[in-house]
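# Chains, contacts and geometry: an overview
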4 protein chains.
Amino acid sequence: MLYFNCDYMEGAHPEILSRLMESNMEQTFGYGSDPYCDAAKEKIRRECHSPQADIFFLVGGTQTNAAVIKAFLRPFEGVISAQTGHINVHEAGAIETGGHKVLSLAGQDGKLGAVELEAYLEAFARDESNTHMVQPGMVYISHPTEYGTLYTAQELRDLRRVCDRYGLPLYLDGARLGYGLMAEEADVDMETVAAYCDAFYIGGTKVGALFGEAAVFPKGAPKGFFTLMKQQGAVLAKGRLLGIQFDALFTDGLYYRISAHAIAMAMKLKETLLRAGCPLFLDSPTNQQFVVLSTQKREILRDRVSYEVWQEREDGSAIARFATSWATKAADIDSLGRILGV
Amino acid sequence: MLYFNCDYMEGAHPEILSRLMESNMEQTFGYGSDPYCDAAKEKIRRECHSPQADIFFLVGGTQTNAAVIKAFLRPFEGVISAQTGHINVHEAGAIETGGHKVLSLAGQDGKLGAVELEAYLEAFARDESNTHMVQPGMVYISHPTEYGTLYTAQELRDLRRVCDRYGLPLYLDGARLGYGLMAEEADVDMETVAAYCDAFYIGGTKVGALFGEAAVFPKGAPKGFFTLMKQQGAVLAKGRLLGIQFDALFTDGLYYRISAHAIAMAMKLKETLLRAGCPLFLDSPTNQQFVVLSTQKREILRDRVSYEVWQEREDGSAIARFATSWATKAADIDSLGRILGV
Amino acid sequence: MLYFNCDYMEGAHPEILSRLMESNMEQTFGYGSDPYCDAAKEKIRRECHSPQADIFFLVGGTQTNAAVIKAFLRPFEGVISAQTGHINVHEAGAIETGGHKVLSLAGQDGKLGAVELEAYLEAFARDESNTHMVQPGMVYISHPTEYGTLYTAQELRDLRRVCDRYGLPLYLDGARLGYGLMAEEADVDMETVAAYCDAFYIGGTKVGALFGEAAVFPKGAPKGFFTLMKQQGAVLAKGRLLGIQFDALFTDGLYYRISAHAIAMAMKLKETLLRAGCPLFLDSPTNQQFVVLSTQKREILRDRVSYEVWQEREDGSAIARFATSWATKAADIDSLGRILGV
Amino acid sequence: MLYFNCDYMEGAHPEILSRLMESNMEQTFGYGSDPYCDAAKEKIRRECHSPQADIFFLVGGTQTNAAVIKAFLRPFEGVISAQTGHINVHEAGAIETGGHKVLSLAGQDGKLGAVELEAYLEAFARDESNTHMVQPGMVYISHPTEYGTLYTAQELRDLRRVCDRYGLPLYLDGARLGYGLMAEEADVDMETVAAYCDAFYIGGTKVGALFGEAAVFPKGAPKGFFTLMKQQGAVLAKGRLLGIQFDALFTDGLYYRISAHAIAMAMKLKETLLRAGCPLFLDSPTNQQFVVLSTQKREILRDRVSYEVWQEREDGSAIARFATSWATKAADIDSLGRILGV
């Protein structure tokens, strides 16, 4: 069986695992107050060209989103997101359990546009009953999005401009940030992200680590963020495990190298699927590929290739997601091609 | 100046006010444990043909919605509502501050349809990642809706059937219930509401009372509802003020009489506006009338007639809401007609 | 039956009720945006010598406490209160449902002392694991306290000094503020309260109004407070009802006059109970009197005089609370004396 | 430098680490739906003699406590805990951010007694204003406690009996459960814990794992617990990492073996400290030892031995915590003895 379901099916990249092993019996203090975390933070600050950045390591994406968003909002404020945003769909109400509404806008292909955002904010400002409504308090985007799509640097700049006009912090969910940064067409790098966002996170779980996300606040974190993390159950006792992994990811460009591998594999995968006659549902430049699988193709793949059904269609076909990762082998894509007869 | 902005511009119906005055210096215990509340509850139980109903009196609609919904949901559950539902738009996030997502469906003219509801629930049940999503836990409708529209008895029955199939309680926001029950075309009465809903509230604030809503649980209230109300800041110390008002409203059919008056006034208003050439935005059978006002008409009304602008349009026209109530005078509608030249 | 159970057994003072009646059929806009609210706010600002104060009217004490405290705190902060504080005991967890811990200190006779407060804050600051703990974010006191006791101006000044040193807002729950201000020994007036507190509320429910509390922020309210109130279900649709009542209370010193009456009655009550041989549980200068009733005395009062049992004792005696109010009649206290044989 | 600060200074026990390495490049589905989790759950069910138990793996203790407690409580209910309980002191308000009050009782040496619990519940039941108070909804204990102390089987039985009488679930925080089970005097084993508790967790983080806690519900988990975990940010994407670790811990009794080692080291440590003239603050049978260190002793240890200062005393002495773990070496305790001159 070949598995293309997602980018978190394996453990960690071997370079990371060996760092964990080497340090295993060392003794350090807990909760992130160890030299590994310090070193990793320093490396990330350099990547971001943000010497003043505050950085915190958390275990997973949902807890990172919940903690960061809660840290910025007042109780009566909500966070603006594309309808398809992860926080709006697949986090089981983590934002709402923290007391905040997700103010969803339609978006396009998973992206939130500056024009749409500004139109919403203008209409809100003009609405005579807006003091009876949830106040927009933050903007959430993901890069890549849940559909694998990317913002251009210009699009980020436009969002930033709107955020500035309305006094809103901009937050970028980078669960798969590496795959976004290394996409062939990408004109957004880490420094750009840090320049335009008030907060973002660098995803580790889906990009080579066993687990872990690095929340970055280029202009400094809201007061008391560590305690808020603790309150949210998002502080790891043996915090160094996160420091070690991120230190490894940002040593010798490992994060970028393995991301580039996943992109190369994704392009090969896309080309294979296209050659096999599977139309793209949308054209993703990153590690998640969305294609339409006919009933016949689904039959061929049954019991041989595993992928994620994104949407069942009435005629028996489906929109399917195939994901690559740092761990994907070219040989497996070749096998997929053979199964599909190409 | 003539005011048609809303149905809560005056105080209370004189019959209610005189009851409050008569009883003013009596001494009773607080928090709803007084004979007036008991009497009012008994009358409401009779209206509902629900001798087992639990009834609680609250001060306003937002706190009633928040308390009732919180009482039924588990933390990871959300409440389904039409996009335009009051809880989704104009309660400042009261449901979310209680920890729950409002799961909004498109609806039509403010109403949630059984077909749309069932389609959503079926798709949710089939979604392989649904354990990562907010679970549907309750259905919220309003009657009349925010657009003044009404459910038929058949539509309520259909919603009930879907709710039963999926094990969901059905909750009806009756902020303007009286105006819905007395609409000319209505085939839903209080008994019908009580038969199909697990909870609903009978609005007093907009139907003759100084303030107050009666939350009715025909099959009994969730355990601990009084304490939950207290926790939500929704228990009135001098609870009898609510009992006295609802006792008055359900003595000699006052609630229905004054609602019927508002409906008669609304139909007269509609007819006047139509004669004056103002097209209906939608055809409401209740006390809120939505019409399109041209730039010219708006100019004529300026400084003479006050109404609520529901939506500004680019060409300078607007969708406007005119509301009548128990307190509306026929003479004022005649004056409006004269101003509009009809 | 004579009732001394509490200070909210009657309706409203007749001057207030007549103001409500006179204005009943006037038309005003809702939610507090009416001339009555404006006038009442202006009068309160004058009483407080705080021309910049923001003032909001709410319906009850629990919702006021919950909204004000939530408005000041960050998610990981708690509010410091005496163990006996109303928010810590009798509000059903309203602070916690808003996400905040009540950090309770022992206090004495219902009061929180500056020395105790400072000792706690110093210990907290020195605690090496304090980032894992709820951060102190606000100080809550009540005046009079739940035991009827009062702070002196010097005690308020000392609390203020500690709050300033630690950057904490000071909030005073004035559910019975009038009775505190008019106590014979009181050296705290409204201006003093406004000078030392970041927020406080002037209780109406227990001091002559049908219902209502005026939240006062002498230095201005936290951003978005109205929307937060709306979210908490604490905005009254016919907001003028609150404005009218507070306008009446602060016209010709009504609030102080009726409070002084309650104090005079309380002192007469105290003297009567002492003469009858009922020892004081503590010596309260305000409208709540706490005495010890022997088994025999309880027997005498049974079916003739109603009071609140504060604490049952094993020997059959009890600590009892007797309350007076603006509505208490001297003749009823005389009757009580006769029943007790004095 | 010798470190006795806590039991989470190293990584994982080598047997666990090698299991993680071996499986690193295997592909499994996420979120705990993998064969390793299944196998680990089965082993734990056997240890508990609870074939019907539901088991979930979480990353840390605070998130486990928050999720389990939230799953059992209704919004207006609180959780009873000893004053010193971890949830009441060192989880930064995780329970309160979930909306619930921690109802703290004094306890003794970190333990909650059945007599104290019953007295509280009886008084609550008799309190006439108890519907205005947070309802007791669950009982939280820890074993070992924050002071290293243990419940006897009889004490658990007594707590269970009180819980049954009042319909309260009993929850045991087992962050250091292994050290409790293997204490020399312990008469509580895993089966006993499972028999008396509605929920408990088996701590991994402090007992040999890199991280991880196993929440066990012997009679089945509350409905929707997985989604609640997800909402709390407590679901690990690569869930198998938890399954692998707990499978290893419950293979060939590893959990018990390494716990027994820590206990042996703790007894050696206690004996060493006593011999050196350091009086016990309390007599702990588990891996945390609390002693009084004089100013002189603290001076001797400075820069050579690291421990946790539990409480500074005015005379310069301190209550100190020394902890052992699965990783403690006998030679280090010998070194400590030499430093102390014994």
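Residues numbered from 1 in each chain as written. Chains lettered and ligands numbered in written order. Predicted model: local features only at pLDDT ≥ 70, side-chain atom pairs only at ≥ 80, totals over all residues. Heavy atoms only, no water.

Attention now goes to the overall build of chain A. For chain A, the helix and strand inventory stands at 14 helices and 13 strands. In summary, chain A has a C-alpha radius of gyration of 20 Å against a globular reference of 20 Å for 342 residues, a match within 12%. Across its three principal directions, the C-alpha atoms of chain A cover 60 × 55 × 35 Å. In chain A, buried positions account for 66% of the 342 residues. A sequence separation of at least 24 residues applies to 73% of the contacts in chain A between residues at least 6 apart. Across chain A, 33 positive and 43 negative side-chain charges occur, with their mean positions spaced 3 Å apart. (Helix = DSSP H or I, 4+ residues; strand = E, 2+ residues; numbered from the N terminus. Rg over C-alpha atoms; globule rule 2.2 N^0.38 Å. Buried < 20%, exposed > 50% of the residue type's maximum accessible area, 1.4 Å probe, protein only. Contact = heavy atoms within 4.5 Å. Lys, Arg positive; Asp, Glu negative; His and termini not counted. Charge placed at Lys NZ, Arg CZ, Asp CG, Glu CD.)

Interfaces are often sized by the amount of accessible area the parts lose when they come together. In this complex, chain C contributes 16 residues to the contact, which on the side of chain D involves 16 residues. Between chain C and chain D, the buried area comes to about 1,400 Å², and carbon and sulfur atoms account for 50% of it. For the pair chain C and chain D, the interface holds 2 salt bridges. Residue Lys101 of chain C pairs with Glu96 of chain D through a salt bridge whose shortest N-O separation is 2.6 Å. Along the contact surface separating chain C from chain D lie 10 residue pairs in polar contact (both at pLDDT 80 or more). Elements represented by at least two residues in the side of chain C that touches chain D include exactly helix H4 (86-89) and helix H5 (94-97) of chain C. The residue inventory of the side of chain C that touches chain D, partitioned by class, reads 5 nonpolar, 8 polar and 3 charged. (Buried area = accessible area lost by both parts, 1.4 Å probe. Salt bridge = Lys/Arg side-chain N within 4 Å of Asp/Glu carboxyl O. Polar contact = N/O pair within 3.5 Å; in protein donor to acceptor, adjacent residues only side chain to side chain. Nonpolar A, V, L, I, M, F, W, Y, C, P; charged D, E, K, R; others polar.)

It is worth spelling out the interface of chain A and chain D at this point. Each side of the interface is counted separately: chain A has 44 residues, and chain D has 44 residues. Summed over both sides, the interface of chain A with chain D buries roughly 4,100 Å², with 59% coming from carbon and sulfur. The interface formed by chain A and chain D includes 0 salt bridges. Run the count over chain A and chain D and you get 30 residue pairs in polar contact (both at pLDDT 80 or more). Listing elements by their share of the side of chain A that touches chain D, those giving two or more residues are helix H1 (14-22), helix H3 (61-72), helix H5 (94-97), helix H10 (225-231) and helix H11 (240-249) of chain A. Its residues assigned to classes, the side of chain A that touches chain D comprises 20 nonpolar, 17 polar and 7 charged.

It is worth spelling out helix H11 (residues 240-249) of chain C at this point. Residues lying three or four places apart along an α-helix face the same way, a consequence of the helix completing one turn every 3.6 residues. All names here are of chain C. Burial runs high along H11: 10 of the 10 residues are buried. Within the span of H11, buried status applies to Arg240, Leu241, Leu242, Gly243, Ile244, Gln245, Phe246, Asp247, Ala248 and Leu249. Check the buried side of H11 and you find it contacts helix H1 (14-22), helix H2 (35-48), strand E2 (54-58), strand E7 (199-203), strand E8 (213-217) and helix H12 (254-275).

Residues Glu184, Glu185, Asp187, Asp189 and Glu191 of chain A make up a contiguous surface patch of negative charge. Residue classification places Asp187 of chain A among the partly exposed residues on the basis of a relative accessible area of 46%. (Patch = residues over 30% accessible without salt bridge, like charges linked within 9 Å, V, L, I, M, F, W, Y side chains within 5 Å. Areas by Shrake-Rupley, 256 points an atom, 1.4 Å probe, with all protein chains shown as cover.)

The operation relating the pair of chain copies consists of a rotation about an axis and a translation along that axis. Aligned on chain D, chain C shows an RMSD of 0.0 Å; the corresponding rotation is 180 degrees and the shift along the axis is 0.0 Å. As the rotation angle and translation indicate, the two copies are arranged about a two-fold axis. Counting the interface residues of chain C, we find that 100% of their copies in chain D are interface residues as well, pointing to one common contact surface. (Least-squares fit on C-alpha atoms with pLDDT ≥ 70 in both.)

Turning next to the environment of Lys101 of chain A. For Lys101 of chain A, the location among the structural elements is in the loop between H5 and strand E4 (102-105). Overall, Lys101 of chain A belongs to the buried group, its relative accessible area being 9%. Once residues within four sequence positions are removed from consideration, Lys101 of chain A is found in contact with Glu77, Gly78, Val79 and Val134 of chain A together with Asn88, Glu96 and Val102 of chain B. One polar contact links Lys101 of chain A to Glu96 of chain B, side chain to side chain, over a distance of 2.6 Å.

A few words now on the relation of the copies chain A and chain D. By a simple turn and slide, chain A fits onto chain D: the slide is 0.0 Å along the axis, the RMSD is 0.0 Å, and the turn is 180 degrees. Same-surface contact between copies: 100% of interface residues of chain A are shared with the interface of chain D.

Pairs may arise between side chains of opposite charge once their charged atoms sit close together. Residue and element names in this part refer to chain A. By the definition in use, this model includes 76 salt bridges over all chains. Notably, a salt bridge pairs Arg257 with Glu15, separated by 3.6 Å at the nearest N-O pair. One end of the pair, Arg257, is in helix H12 (residues 254-275); the other, Glu15, is in helix H1, and 242 residues separate them in sequence. A relative accessible area of 42% places Arg257 in the partly exposed class. A single salt-bridge network, built from bridges that share partners, covers Arg160, Asp164, Asp198 and Lys219.

Let us look at helix H3 (residues 61-72) of chain B. Compared with an ideal rise of 1.5 Å per residue, which puts 12 residues at 16 Å, H3 of chain B spans 17 Å between its outermost C-alpha atoms and is within 8% of the ideal. Burial analysis of H3 of chain B places 11 of its 12 residues in the buried class, which makes it a mostly covered element. (Expected span 1.5 Å × (residues − 1).)

This paragraph deals with the packing of aromatic side chains. If you walk through the whole model with that rule in mind, you get 73 aromatic pairs over all chains. A centroid spacing of 6.1 Å and a plane angle of 45 degrees characterise the contact between Phe4 of chain C and Phe322 of chain C, whose relative ring orientation is tilted. Remark: Phe322 of chain C occurs in strand E13 (residues 318-323) and Phe4 of chain C occurs in the loop between strand E1 (2-3) and H1; sequence separation between them is 318 residues. Classification of Phe322 of chain C by relative accessible area gives buried; the value is 0%. Aromatic rings pair up to connect Phe56, Phe72, Phe217 and Phe225 of chain A into one cluster. Note that Lys111 of chain D overlies the ring of Tyr151 of chain D, its terminal NZ or CZ placed 5.4 Å from the centroid. (Phe/Tyr/Trp six-rings, centres within 6.5 Å; stacked < 30°, edge-to-face > 60°. Lys NZ or Arg CZ within 6 Å of the ring centre and 35° of its normal.)

Time to look at the pairing of strand E6 (residues 170-173) of chain C. Residues and elements named next belong to chain C. What you see with E6 is no split at all: Leu170 and Leu172 on one side and Tyr171 and Asp173 on the other are buried throughout. Judged from the 4 bridges that link them, strand E5 (residues 135-142) and E6 form a sheet pairing that is parallel. Across the sheet, Ile141 pairs through a bridge with Leu172, a residue of E6. Read as a crossover between parallel neighbours, the route from E5 over helix H7 (residues 153-166) to E6 is right-handed. (Pairing = 2+ DSSP bridges. Right-handed = clockwise from strand over helix to strand, strands pointing away.)

Attention shifts here to the sheet that holds strand E9 (residues 280-282) of chain B. Residues and elements named next belong to chain B. Judged by pairing direction, the sheet is antiparallel, and its 4 strands sit side by side in the order E9-E10-E13-E12 without closing on themselves. Looking along the sheet, the strands with just one partner apiece sit at the ends: E9 and strand E12 (308-312). Here the average twist between neighbouring strands, direction ignored, is 35 degrees. Pairing analysis gives 2 bridges linking E9 to strand E10 (residues 288-293), with the strands arranged antiparallel. (Axes fitted to C-alpha atoms, helices over the stretch in contact; angles between N-to-C directions.)

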